[in-house]
Amino acid sequence: MRSYRAEGVALLAHEYRGTGRVVNFFTRERGKVEAVAQGIGKPGSSLAAAVELFTHSQLFLVEGRILDRLTQARVLEAFESLRLHVRRLGHAGFLCELLACATEPGQPIPTAFDDLVIALRLLDADHEPVTVAAAATWRILGDLGVAPDLDRCVRCGAALEATRVFLAPEAGSVCGSCFTDEDGETDASVPVSAQLRALTGTLGRFPMSRLSRLNVDTALWNDLLRLERLQIRYYLGLELQSDSFLRQLCRPG
Amino acid sequence: MASLPEPVRRLIEEIERLPGIGPKSAQRLALHLLQSDEAEVEALARALVEAKRRVGRCRDCFNWAVGELCEICADSTRERDVVCVVEQPIDVAALERSGEYRGLYHVLEGALNPVLGVGPENLRIAALLARIEELKPREMILATSPTVEGDATAEYIRSELAGVGELRITRIALGLPVGADLDYADQVTVARALRGRRPME
Ligand SMILES: [Zn+2]
Ligand SMILES: [Zn+2]
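Residues numbered from 1 in each chain as written. Chains lettered and ligands numbered in written order. Predicted model: local features only at pLDDT ≥ 70, side-chain atom pairs only at ≥ 80, totals over all residues. Heavy atoms only, no water.

K.L.:
Can you walk me through the overall build of chain A in this structure?
P.N.:
Secondary structure assignment for chain A yields seven helices and eight strands. A compact globule built from 253 residues would reach a C-alpha radius of gyration of about 18 Å, and chain A, at 20 Å, matches this within 12%. Each of the three principal axes of chain A carries a C-alpha extent, and together these read 65 × 40 × 35 Å. Within chain A, the fraction of its 253 residues that count as buried is 53%. (Helix = DSSP H or I, 4+ residues; strand = E, 2+ residues; numbered from the N terminus. Rg over C-alpha atoms; globule rule 2.2 N^0.38 Å. Buried < 20%, exposed > 50% of the residue type's maximum accessible area, 1.4 Å probe, protein only.)

K.L.:
Explain the domain arrangement of chain A to me, please; I cannot follow it from the model alone.
P.N.:
Put simply, an interface is often sized by how much accessible area is lost when its parts join up. Residue and element names in this part refer to chain A. Segmentation of chain A into domains returns domain 1 (3-77) and domain 2 (81-147 + 190-250). Between the C-alpha centres of domain 1 and domain 2 there is a distance of 24 Å. Between domain 1 and domain 2, the contact holds 16 residues from the first and 23 residues from the second. Between domain 1 and domain 2 lies a buried interface of about 1600 Å² when both sides are counted; carbon and sulfur atoms form 67% of it. Along the contact surface separating domain 1 from domain 2 lie three salt bridges. A salt bridge links Arg28 to Asp114, with the nearest nitrogen and oxygen atoms 2.7 Å apart. Where the side of domain 1 that touches domain 2 is concerned, the elements lending two or more residues are β1 (3-16), β2 (20-27) and β3 (31-37). Considering every element that reaches the side of domain 1 that touches domain 2, the biggest residue donor is β1, with five residues. Here the side of domain 1 that touches domain 2 is composed, by residue class, of five nonpolar, four polar and seven charged. (Domains from an automatic or database assignment. Contact = heavy atoms within 4.5 Å. Buried area = accessible area lost by both parts, 1.4 Å probe. Salt bridge = Lys/Arg side-chain N within 4 Å of Asp/Glu carboxyl O. Nonpolar A, V, L, I, M, F, W, Y, C, P; charged D, E, K, R; others polar.)

K.L.:
Before we go on, may I ask you to explain the domain arrangement of chain B in this structure?
P.N.:
We note that the domain assignment places domain 1 (6-54) and domain 2 (58-199) within chain B. Using C-alpha coordinates to define each centre, domain 1 of chain B is positioned 34 Å away from domain 2 of chain B.

K.L.:
How do you make sense of the coordination of the zinc ion (ligand 2) when you look at a structure like this?
P.N.:
Reference values for angles at a metal are 109.5 degrees in the four-donor tetrahedral case and 90 or 180 degrees in the six-donor octahedral case. Residues and elements named next belong to chain B. At the metal site, the zinc ion (ligand 2) is ligated by Cys58 (SG), Cys61 (SG), Cys70 (SG) and Cys73 (SG), and these contacts range over 2.3 Å. Here the zinc ion (ligand 2) binds four donor atoms, and the angle range of 103 to 117 degrees at the metal identifies the geometry as tetrahedral. Linear spacing of the donor residues for the zinc ion (ligand 2) on their chain is C-x2-C-x8-C-x2-C. Of this pair, Cys58 sits in the loop between β1 (55-57) and β2 (64-66) while Cys73 sits in helix α4 (residues 71-74); the two residues are 15 residues apart in sequence, bridging distant segments of the chain. Note on Cys58: relative accessible area 1%, which makes it buried. For Cys73, a relative accessible area of 7% corresponds to the buried category. (Donors = N, O, S within 2.8 Å, 3.2 Å for Na, K, Ca; no water. Tetrahedral: all angles 85-135°; square planar, octahedral: opposite > 155°, others 65-115°.)

K.L.:
Before we go on, may I ask you to explain the sheet that holds strand β7 (residues 172-174) of chain A in this structure?
P.N.:
Strand pairing in a sheet is mediated by backbone hydrogen bonds. Such pairs are either parallel or antiparallel. Residue and element names in this part refer to chain A. Taken together, three strands build an open sheet; the order of strands is β7-β6-β8 and the sheet is antiparallel. The sheet is open, and its two edges are formed by β7 and β8 (189-192), each paired on a single side. Between one strand axis and the next, the sheet turns by 35 degrees as a mean value, whatever way the strands run. Judged from the four bridges that link them, strand β6 (residues 164-167) and β8 form a sheet pairing that is antiparallel. Bridging from a neighbouring strand, Phe166 pairs with Val190 of β8. Sitting on the sheet, helix α6 (residues 218-235) touches β6 and β8, and the angle it makes with β8 is about 135 degrees. (Pairing = 2+ DSSP bridges. Axes fitted to C-alpha atoms, helices over the stretch in contact; angles between N-to-C directions.)

K.L.:
What's the story with the pattern of salt bridges in this structure? I'm lost.
P.N.:
For side chains bearing opposite charge, pairing can occur when the charged atoms are close. Summed over all chains, the structure comprises 26 salt bridges over all chains. Measuring nitrogen to oxygen at the nearest pair gives 3.1 Å for the salt bridge that ties A:Arg139 to A:Asp115. Taken as a pair, A:Arg139 in helix α4 (residues 129-143) and A:Asp115 in helix α3 (residues 110-124) lie far apart in primary sequence, 24 residues in all. You can call A:Arg139 buried: its relative accessible area is 18%. Across the salt bridge formed by A:Glu239 and A:Arg233, the nearest N and O atoms sit 3.2 Å from each other. Classification of A:Glu239 by relative accessible area gives exposed; the value is 54%. A cluster of three or more residues bridged by salt bridges with shared partners is formed by A:Glu52, A:Glu80, A:Arg83, B:Asp151, B:Arg171, B:Arg192 and B:Arg195.

K.L.:
I tried to follow the packing of helix α2 (residues 86-102) of chain A against helix α7 (residues 241-250) of chain A on my own but got confused; where do I start?
P.N.:
Helix-helix packing: each pair is described by the crossing angle between the helix axes and the interaxial distance. All names here are of chain A. Relative to each other, α2 and α7 sit at 165 degrees, their axes nearing to 8 Å. The angle between the axes of α2 and α7 places the two elements in the roughly antiparallel class. Of the two elements, α2 crosses α7, and the hand of that crossing is left-handed. Residue-level inspection shows Val86, Arg87, Gly90, His91, Gly93, Phe94 and Glu97 of α2 in contact with α7, the latter providing Gln241, Ser242, Asp243, Phe245, Leu246 and Leu249. (Parallel < 35°, antiparallel > 145°, perpendicular 65-115°, else oblique. Left-handed = near helix turned anticlockwise from the far one by under 90°.)

K.L.:
What exactly am I supposed to notice about unusual backbone geometry here?
P.N.:
The bulk of non-glycine residues show a negative phi, and the bulk of peptide bonds are trans. Here A:Phe79, not a glycine, exhibits a phi torsion of approximately 45 degrees, which is positive. Topologically, A:Phe79 is positioned in the loop between β5 (68-77) and α2. What makes A:Phe79 buried here is its relative accessible area of 5%. The phi angle at B:Lys136 is positive, at roughly 45 degrees, despite the residue not being glycine. For B:Lys136, the position within the fold is in the loop between α6 (125-135) and β5 (139-142).

K.L.:
What is the right way to look at the interface of chain A and chain B in this model?
P.N.:
Residue-level contacts link 28 residues of chain A with 27 residues of chain B. For the chain A and chain B pair, buried surface summed over both sides reaches about 2400 Å², with 62% attributable to carbon and sulfur atoms. The largest contributions to the chain A side of the interface with chain B come from A:Leu53, A:Arg83 and A:Gln248, which together make up 27% of the buried area. Across the contact surface, chain A and chain B share three salt bridges. Close ionic contact of B:Arg192 with A:Glu80 constitutes a salt bridge, the shortest N to O distance being 3.3 Å. Connecting chain A to chain B are seven residue pairs in polar contact (both at pLDDT 80 or more). (Polar contact = N/O pair within 3.5 Å; in protein donor to acceptor, adjacent residues only side chain to side chain.)

K.L.:
Help me understand the packing of aromatic side chains, please; the structure alone is not making it clear to me.
P.N.:
Any pair of aromatic rings gets described here by the distance separating the centres and the angle formed by the planes. Enumeration according to the criterion identifies two aromatic pairs over all chains in this entry. A ring pair is formed by B:Tyr101 and B:Tyr105, whose centres lie 5.1 Å apart and whose planes are at 65 degrees; its orientation type is edge-to-face. In this structure, B:Tyr101 and B:Tyr105 share a single accessibility class: buried. Taking the ring centre of A:Tyr4 as reference, the NZ or CZ of A:Arg30 above it sits at 3.5 Å. One residue, A:Arg210, lies across the ring of A:Phe206, its end atom 5.5 Å from the ring centre. (Phe/Tyr/Trp six-rings, centres within 6.5 Å; stacked < 30°, edge-to-face > 60°. Lys NZ or Arg CZ within 6 Å of the ring centre and 35° of its normal.)

In structure tokens, the structure reads:
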């Protein structure tokens, strides 16, 4: 039984034998780690705070045959304001769920971990949730190597310059000559303006922590968010629960 | 397991579906049942079926109920001007054990959770809002768990009901458990206990 330490964020937790929990952490050192934490439901549990959703902690674990075991934890950041703002919570949930669903255990992606932690920090500190979510999702898709290519036409390979459309079923964008009227009329397409392409280029190079210095229109962030959602649904084949959560918050009444 | 008689295999399979029960525990429980008196096993089976058949949700508060209303809603001596909002019927039982509370309850049947896709529409929040409008209570106590999910749920309900008439909205006190040593508590709990401090009377 080897013990190890890791810096991690709690992505989601399920009840396990009464007061226990099975928790998915996304760690800097080992990627996704599934661990059992015992005695969480009891008052005064020293592990309870670290298994709370989205909490960033220093974790001490012991390797197990199937599941690792959380033995000690020290909370680094609890991101408490997420609890007070249900939309921020939804966007934090989206990023965490994306990593929970799109990564395998034991596959460390330190850049994705760092992007996640900075995104949670920005959401916690009252940055516009759509901006943070769109920027962080783009960076995380890049970290995972699954960001859509907006620079080349998926059909003829030509470099894209003028405004065209991203097509989710083909996981790519098309140039002016390959574009047909039908392409523009599906629910699974997003227009790719020169500004949107420039924004995605910038996000690839720009440190997440300096996000507030970017001066970008809200509409453009929304386009980016839509494009990412389509890529996640069609290319990664994921229906994220957080998405239906966020949709419920948008509905009036 | 192939060597076990079919009814035993099925029994083990059914027990194993229960939450928190692994294959080993399921086998142990099955063995225990097979060794018990037939009358005992029949009593257990009857209790299972009867609980399932007779216990539903209260029409007004969604607590467990035999019949249309739960015992609390049906009790005319309960105070009708306070409503305590909880996640599950089991929380009603915990609050009742304290003997401190004489008002009504409202069971949400869960808490907001983005990663599990539990949004406001999946909880009894619309029913709560309608009930508050109808009952016009003096106070609503938000007694969801002090977890991310429970806090977010309480906050969401608070924001939905902000500015409704004279309603006083309170949150159960959060902080250190009775008998806990301060130096063993995690920093989140200690920070909350500090923020929730109150003048000594
Ligand atoms: Zn083309
Ligand atoms: Zn009732």
